[in-house]
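Okay, here's what each chain looks like letter by letter:
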Amino acid sequence: MRLLDPFSVVLMAALMCAVMSLVLFGARRSFPAEMRGIGYWSAALAVQVFSVICFALRGTLPDIAVLPLANVLFVIGNGLSVIGLQRFYGVDPGWKMLGGAAAFSLAGMVYYLQVAPDYAARVFWMALPMTLLNGTLLYLVLRHGRRKLATWFFGTLIAVNTVLMAVRGVMAITHGEAMVDVARPGLFQSFYLAATALQPALLSVGFLMVANERLRRILERRSASDPLTGVLNRRGFGDAYAREVARMARMRQRSRSLALLSVDLDFFKKINDRFGHAEGDRVLVSVAQMIGSALRESDVLARFGGEEFIVLLPDTDLKRALAVALRVQRLLRDASAGDLPSCTASIGVAVQTDADEELDALLCRADEALYRAKENGRDRIETWRAAA
Ligand SMILES: Nc1nc2c(ncn2[C@@H]2O[C@H](COP(=O)(O)OP(=O)(O)OP(=O)(O)O)[C@@H](O)[C@H]2O)c(=O)[nH]1
């Protein structure tokens, strides 16, 4: 029973590969530089187009001129997908595996075409590197992919493909040439033909879905952080604060409290004026690191702009908040021996015990305390006190 015409299927496959290759090549520029591997995925598809062209020349040119090349290009195409995914996940690219798989397939193809012609043996031989490469793709997704819908879709496609490659290899040995020759009619042959034709384009869609998911996370992170120091910005801090207050409300314990430190560098304008803006930037980066080193994992550090940092201390009362503020103050003083210009900070401390209080009100109270620290001579810590 012939379900599919091999030539038409192969032609459609080549066209899909070519289009997807162009799509990925164009898309690669719209992704941030830290997202790597997309260019390799595009190259992988382009190589597979050439592989299909070689397969299509079968009959026009002698088998020995086209089949080894077509198969090796198919292996290289799949190998480049592996390299692309390795780079995408930040894993060292396995060039040796790609080279080894290509050499292995070339040797087998030439041997089973020229020396001991055997179609079934060729299919089995080719199934080995293809199963290895697709199995590596699957391993990479399982090991490094985030458990998201896009990853499940991508992983399932790769798993189906890997199983198909392995099954075809086994069937070549157990059932012989008639069962695995795609030029012959048959259900399995047609299924294999359709699946391998769709595979490169479908896998690329899966890869693009995973890449988009990564892009979404990167943009989300960027929109929540301060580009200079890498700590949270006002937006990110607002989200972290809202999460903390919601947690506080859930606990329904009146004794629970959180604290806020408003840390403002003293006479920072002088540092800029004397050493230049770039040096001022370096001081801000180093101050952010210093404050961060004085905090617990659960504490939240942010820079809203300028030379003011805000610290959120969950589950913290006034006494502990003052201890943290003191630690920050000491760290800044001690750092004056380093290569960067030294600076001190004034710190305002406010504590929140009511989960219904708004962030702006808490910030206002911390700022009032900060203002007093500035007024009273700077390089000081003041706590918010209700007006008498
Ligand atoms: N290098 C650098 N400087 C910044 C940045 N943002 C704000 N500034 C500078 O920080 C300085 C803040 O100056 P002021 O508000 O007068 O405060 P100050 O000099 O620290 O004085 P007090 O806060 O009163 O102790 C200004 O010179 C701003 O240009 C930044 O991202 N990088």
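If you're wondering where the values come from, they're calculated on a predicted model, not measured in any experiment.

**A short note on the pairing of strand β3 (residues 308-313)**
Moving residue by residue along a regular strand, the side chains alternate between the two faces of the sheet. The buried count for β3 comes to 6 of 6 residues, which makes it a mostly enclosed element. Burial of the side chains of β3 extends over both faces: Glu 308, Ile 310 and Leu 312 are buried on one face and Phe 309, Val 311 and Leu 313 on the other. Direction of pairing for strand β1 (residues 258-265) relative to β3: antiparallel, over a ladder of 6 bridges. By the bridge assignment for β3, Leu 260 is matched with Leu 312.

**Notes on empty space enclosed by the protein**
Applying the stated criterion to the full structure yields 1 cavity of 30 Å³ or more. Contributing elements (two or more residues each) for the lining of the largest cavity: α2 (38-56), α3 (63-88) and α8 (187-224). Of the residues belonging to the lining of the largest cavity, the class tally is 5 nonpolar, 5 polar and no charged.

**Details of the environment of Ala 249**
Tracing the backbone shows Ala 249 in helix α9 (residues 234-251). Each C-alpha atom, one on Ala 249 and one on Ala 355, is 5.5 Å from the other, the two residues being 106 residues apart in sequence.

**Considerations on the site of the ligand**
In the vicinity of the ligand, 16 residues are found, and the nearest of them are Phe 268, Asn 272, Asp 281, Arg 303 and Arg 378. With respect to the ligand, the backbone of His 277 contributes an N or O atom lying 3.1 Å from a nitrogen atom. Against a free-state accessible area of 660 Å², the protein chains account for coverage of 68% of the ligand. Every element with two or more residues in the shell around the ligand is listed here: β1, α10 (268-275) and α11 (277-293). Here the shell around the ligand takes 4 residues from α11, the largest share from any one element. Looking at the shell around the ligand residue by residue, the classes come out as 4 nonpolar, 4 polar and 8 charged.

**Some points on the domain arrangement of the chain**
Split by domain assignment, the chain resolves into domain 1 (6-223) and domain 2 (234-383). Inter-centroid distance (C-alpha atoms) of domain 1 to domain 2 is 53 Å.

**Considerations on the nonpolar core**
Counting residues in hydrophobic clusters, the biggest one holds 43 residues, and the most contacted among them are Phe 31, Met 35, Trp 41, Leu 85, Phe 88, Phe 154 and Phe 207. Residue assignment for this core shows that the elements contributing at least two residues are α1 (6-27), α2, α3, α4 (95-115), α5 (119-144), α6 (149-175) and α8. Top contributing element to this core by residue count: α8, with 10 residues. Those residues in contact with Met 35, other than ones at most four positions away along the chain, are Phe 88, Ala 211, Arg 214, Leu 215 and Ile 218. By size, the runner-up hydrophobic cluster in this structure holds 28 residues, among which are Leu 261, Met 290, Leu 295 and Val 349.

Quick notes on the rules
- Residues numbered from 1 in each chain as written.
- Predicted model: local features only at pLDDT ≥ 70, side-chain atom pairs only at ≥ 80, totals over all residues.
- Heavy atoms only, no water.
- Buried < 20%, exposed > 50% of the residue type's maximum accessible area, 1.4 Å probe, protein only.
- Helix = DSSP H or I, 4+ residues; strand = E, 2+ residues; numbered from the N terminus.
- Pairing = 2+ DSSP bridges.
- 1 Å grid on protein atoms, 1.4 Å probe; cavity = no way out; pocket = protein on both sides within 12 Å on 5 of 7 lines; lining within 4 Å.
- Points joined across faces, edges and corners; volume = space filled by probe spheres on them.
- Nonpolar A, V, L, I, M, F, W, Y, C, P; charged D, E, K, R; others polar.
- Near = heavy atom within 4 Å.
- Polar contact = N/O pair within 3.5 Å; in protein donor to acceptor, adjacent residues only side chain to side chain.
- Areas by Shrake-Rupley, 256 points an atom, 1.4 Å probe, with all protein chains shown as cover.
- Domains from an automatic or database assignment.
- Core = buried A, V, L, I, M, F, W, Y, C linked by side-chain atoms within 4.5 Å.
- Contact = heavy atoms within 4.5 Å.

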